[in-house]
Amino acid sequence: MHEIRWGIAGPGRIAQAVVRDFEHVEGARVVAVGSRSTDRARSFADDFGIERAHGSYRALIEDPEVDVLYIATPHPQHVAIATAALEAGKAVLVEKALTATVEGAQKLIETAQQRQVFAMEAMWTRFQPAVVATRDLITDGAIGEVRTVQADLGVQRDFDAGDRLFSKELAGGAMLDLGVYVVSFAQHFLGTPDRMEVTGSLASTGVDLDAAMLLAYDDGRAGLVSCSLRGPSPGTARIVGTDGWIDVASRFHHPHQVTLTRPDEEPRVIDAPPLGTGYSHELIEVSDCLRAGRTESAVMPLEDSLAVQRVLNEACERLGVHHEDDLDLDLG
Ligand SMILES: NC(=O)c1ccc[n+]([C@@H]2O[C@H](COP(=O)([O-])OP(=O)(O)OC[C@H]3O[C@@H](n4cnc5c(N)ncnc54)[C@H](OP(=O)(O)O)[C@@H]3O)[C@@H](O)[C@H]2O)c1
C-alpha cells in the first residue's frame with residue numbers, strides 16, 4: 001500500500017477540523033499546506049506538524065511531493081484552484097458546495113474528465129457508517145420503495161456582514177453551506193428531481209438566510225428539505241418507503257445512529273459511530289480510489305454533485321440570489 005500524500009489549500013476553519021482526522025486514515029499523510037499568506041501557511045503547518053508551508057496555492061499545486069489536494073477555501077475559490085491542480089495532474093477533494101455556480105461545476109468536472117484525474121466533492125455525509133448502514137438497509141429492501149425523503153439543517157448564526165456565511169462575494173447563505181447537505185441527501189436516495197419549488201428569506205447582504213424546498217419527481221416521489229442560518233432545527237432526516245421508514249439521528253449529516261421502523265415490528269436501532277469526527281471516511285474513500293486508479297467515487301460521483309449544484313443554484317436564483325465563481329483568483 002503506497003502512501004497517499006496530501007496538500008491542504010486554505011488553512012481555515014474546516015481545514016483545522018479535517019486535518020485532525022488524518023490520524024484515522026491508514027497510509028495517508030498531510031505533507032504540505034498552501035495559503036495566500038506564507039505566515040498563515042507556516043502557522044497552520046506548525047500547529048499540525050506538517051513539513052512544508054507554501055505562501056501561494058500555485059506553489060502547493062506545483063509541489064512534486066503532493067498527490068492530492070484537499071481544497072478548503074470558500075466556494076467561489078474552489079474552481080480556480082481545482083482546475084489548476086487537475087491540469088497539473090493532481091487529484092482533488094473539493095469542499096462542499098462543489099463550486100458557487102453550475103458553470104463552475106461543469107468546468108471543474110470537464111477538466112477532471114479530460115485529464116483523467118480524480119475529483120470528488122467532500123460530501124462527507126455519504127461516507128458516514130450510519131449512512132452506509134442506511135444504504136444497505138434500503139438495498140436489502142427493508143423499507144420497500146423509497147417514496148419521500150425529509151431532512152432539515154438549521155443553525156442560529158448572529159448576522160455579521162464580514163462573515164463568509166453572510167458575504168455575497170464569498171457566496172455565503174444557507175443554501176450553499178447547509179442546503180447542500182439536505183439536497184445531496186435527498187438526491188442520494190431519490191435521484192435527481194424533475195421539478196423544484198422553493199421559498200425563503202434574504203439577509204441585508206443579499207444572501208439567503210433560510211429556505212424550504214419541495215423536490216418533486218414525476219412519479220409522485222418527493223424530497224421535503226429545509227436549511228437555515230436564522231435558527232436551529234433538529235437536523236434529522238427520515239426516509240420513508242412503502243414498507244417502513246428509517247430515521248437518521250441528529251445531526252443527520254454526520255449521524256451516529258439510525259432507526260428502522262416497520263409496521264408491526266419493534267423499531268430496530270443501529271449504532272454506527274464514525275471514526276474520529278467523521279471526515280476520516282471521505283479521506284479513506286479518496287485514498288482507496290487513488291490506489292485503485294479510479295477517477296471518480298462511485299458513492300459521490302461528479303454527476304451527482306452537478307445535479308445537486310443545479311438544484312442549489314436554481315433555488316438561489318428563484319430567491320433572487322445570484323452567485324459567481326472567482327475565476328480570476330490569484331494563485332500566486
Ligand atoms: N464539511 C464540513 O463540515 C464543512 C464545514 C464548514 C465549511 N465547509 C466548507 O469549507 C469551505 C471553507 O469554509 P470555512 O468555514 O473553513 O472558511 P474559512 O474559515 O473562511 O477559511 C477559508 C480559507 O480559504 C482561504 N481563502 C482563499 N481565498 C479566499 C477569499 N477570497 N476569502 C476568504 N478566504 C479565502 C483562506 O486561507 P488563506 O487566506 O490563508 O489562503 C481561508 O483560511 C467552504 O466551501 C465550506 O462550505 C465544510
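Everything numeric in this text was worked out from a predicted model, so none of it was measured. (Residues numbered from 1 in each chain as written. Predicted model: local features only at pLDDT ≥ 70, side-chain atom pairs only at ≥ 80, totals over all residues. Heavy atoms only, no water.)

### Overview of the site of the ligand
In the region of the ligand, 23 residues are neighbours, and Ser35, Arg36, Arg40, Tyr57 and Lys96 sit closest. With the chains in place, 85% of the 890 Å² that the ligand exposes on its own is no longer accessible. Every element with two or more residues in the shell around the ligand is listed here: α1 (13-20) and α7 (174-190). The residues that make up the shell around the ligand include at least three from each of domain 1 (4-124 + 279-297) and domain 2 (129-271). (Near = heavy atom within 4 Å. Areas by Shrake-Rupley, 256 points an atom, 1.4 Å probe, with all protein chains shown as cover. Helix = DSSP H or I, 4+ residues; strand = E, 2+ residues; numbered from the N terminus. Domains from an automatic or database assignment.)

### A short note on the domain arrangement of the protein
As far as domains go, the protein holds domain 1 (4-124 + 279-297) and domain 2 (129-271). Each of domain 1 and domain 2 was reduced to a C-alpha centroid, and the two centroids are 26 Å apart. Taken residue by residue, the interface counts 13 residues in domain 1 and 14 residues in domain 2. In this structure, arginine 13 engages aspartate 163 in a salt bridge whose closest nitrogen and oxygen atoms are separated by 3.9 Å. Considering only residue class, the side of domain 1 that touches domain 2 consists of six nonpolar, four polar and three charged. (Contact = heavy atoms within 4.5 Å. Salt bridge = Lys/Arg side-chain N within 4 Å of Asp/Glu carboxyl O. Nonpolar A, V, L, I, M, F, W, Y, C, P; charged D, E, K, R; others polar.)

### Things to note about the pattern of salt bridges
Per the stated rule, a full pass over the model turns up 17 salt bridges. Its salt-bridge partner being arginine 52, residue aspartate 63 comes within 2.8 Å of it at the nearest N-O pair. Taken as a pair, aspartate 63 in the loop between α3 (57-61) and β4 (68-71) and arginine 52 in strand β3 (residues 52-54) lie far apart in primary sequence, 11 residues in all. Aspartate 63 sits in the buried class, given a relative accessible area of 4%. (Buried < 20%, exposed > 50% of the residue type's maximum accessible area, 1.4 Å probe, protein only.)

### Looking at the sheet that holds strand β14 (residues 268-271)
Pairing between the strands of a sheet is mediated by backbone hydrogen bonds and can be parallel or antiparallel. Pairing is mixed in the open sheet, where eight strands are placed in the order β8-β9-β10-β7-β11-β12-β13-β14. Of all strands in the sheet, those with a lone pairing partner are β8 (195-202) and β14, marking the two edges. For this sheet, the mean angle separating the axes of adjacent strands, direction not counted, is 10°. Here four bridges tie strand β13 (residues 257-261) to β14, and the two strands are oriented antiparallel to one another. For glutamine 257, the partnering residue across the bridge sits in β14 and is aspartate 271. Packed onto the sheet, helix α9 (residues 302-319) meets β8 and β9 (208-216) and runs at close to 50° relative to β8. (Pairing = 2+ DSSP bridges. Axes fitted to C-alpha atoms, helices over the stretch in contact; angles between N-to-C directions.)

### Details of the packing of aromatic side chains
Throughout the structure, instances matching the rule amount to six aromatic pairs. A ring pair is formed by tryptophan 6 and phenylalanine 22, whose centres lie 5.3 Å apart and whose planes are at 70°; its orientation type is edge-to-face. You can see tryptophan 6 sitting in strand β1 (residues 4-9) and its partner phenylalanine 22 sitting in the loop between α1 and β2 (28-34), a full 16 residues away along the chain. The two residues tryptophan 6 and phenylalanine 22 agree in class, both being buried. Ring geometry for phenylalanine 44 against phenylalanine 48: centres 4.8 Å apart, planes inclined by 50°, an arrangement best described as tilted. Taken as a pair, phenylalanine 44 and phenylalanine 48 lie in helix α2 (residues 38-48) at a separation of four residues, close to a single helical turn. (Phe/Tyr/Trp six-rings, centres within 6.5 Å; stacked < 30°, edge-to-face > 60°.)

### Looking at the sheet that holds β4
Across the sheet, which stays open at both edges, the six strands sit in the order β3-β2-β1-β4-β5-β6 with parallel pairing between neighbours. A single partner strand is all that each edge strand has here, and the edge strands are β3 and β6 (119-122). Neighbour-to-neighbour, the strand axes of the sheet open up by a mean angle of 25°, direction not taken into account. In this structure, β1 lies alongside β2, joined through six bridges in parallel fashion. Residue arginine 5 lies in a different strand from β2, and its bridge partner there is arginine 29. Sitting on the sheet, helix α4 (residues 78-87) touches β1, β4, β5 (91-95) and β6, and the angle it makes with β5 is about 170°.

### Topic: helix α5 (residues 102-115)
Its 14 residues give α5 an end-to-end C-alpha distance of 20 Å, which sits within 8% of 20 Å, the value for a rise of 1.5 Å per residue. Among the residues of α5, those classed as buried are Val102, Gly104, Ala105, Leu108, Ile109, Thr111 and Ala112. One side-chain oxygen at the N-terminal end of α5 lies 3.5 Å from the backbone nitrogen of glutamate 103; it belongs to threonine 101. Glutamine 116, located one to two residues past α5, shows a positive phi value of around 55°. (Expected span 1.5 Å × (residues − 1). Polar contact = N/O pair within 3.5 Å; in protein donor to acceptor, adjacent residues only side chain to side chain.)

### What about the environment of lysine 90?
Along the chain, lysine 90 turns up in the loop between α4 and β5. Through-space distance from the C-alpha of lysine 90 to that of aspartate 63 is 9.9 Å; in sequence the pair is 27 residues apart. Ignoring anything within four residues of it in the chain, the contact list for lysine 90 reads Ile61, Asp63, Pro64, Val66, Asp67, Ala85 and Val117. Within the local environment of lysine 90, its side chain forms a polar contact with the backbone oxygen of isoleucine 61, the two atoms lying 3.2 Å apart. A distance of 3.1 Å separates a polar side-chain atom of lysine 90 from the backbone oxygen of aspartate 63.

### Some words on the packing of α7 against α9
As a packed pair, α7 and α9 sit with axes 9 Å apart at the nearest point and diverge in direction by 130°. Relative to α9, the element α7 is oriented oblique. Relative to α9, the crossing made by α7 is right-handed. Where α7 approaches α9, its residues Met175, Leu176, Gly179, Val180, Val183, Ser184 and Gln187 are matched on the opposing element by Asp304, Ala307, Val308, Gln309, Val311, Leu312, Ala315, Cys316 and Leu319. Across the contact of α7 with α9, the residue classes tally to 11 nonpolar, four polar and one charged. (Parallel < 35°, antiparallel > 145°, perpendicular 65-115°, else oblique. Left-handed = near helix turned anticlockwise from the far one by under 90°.)

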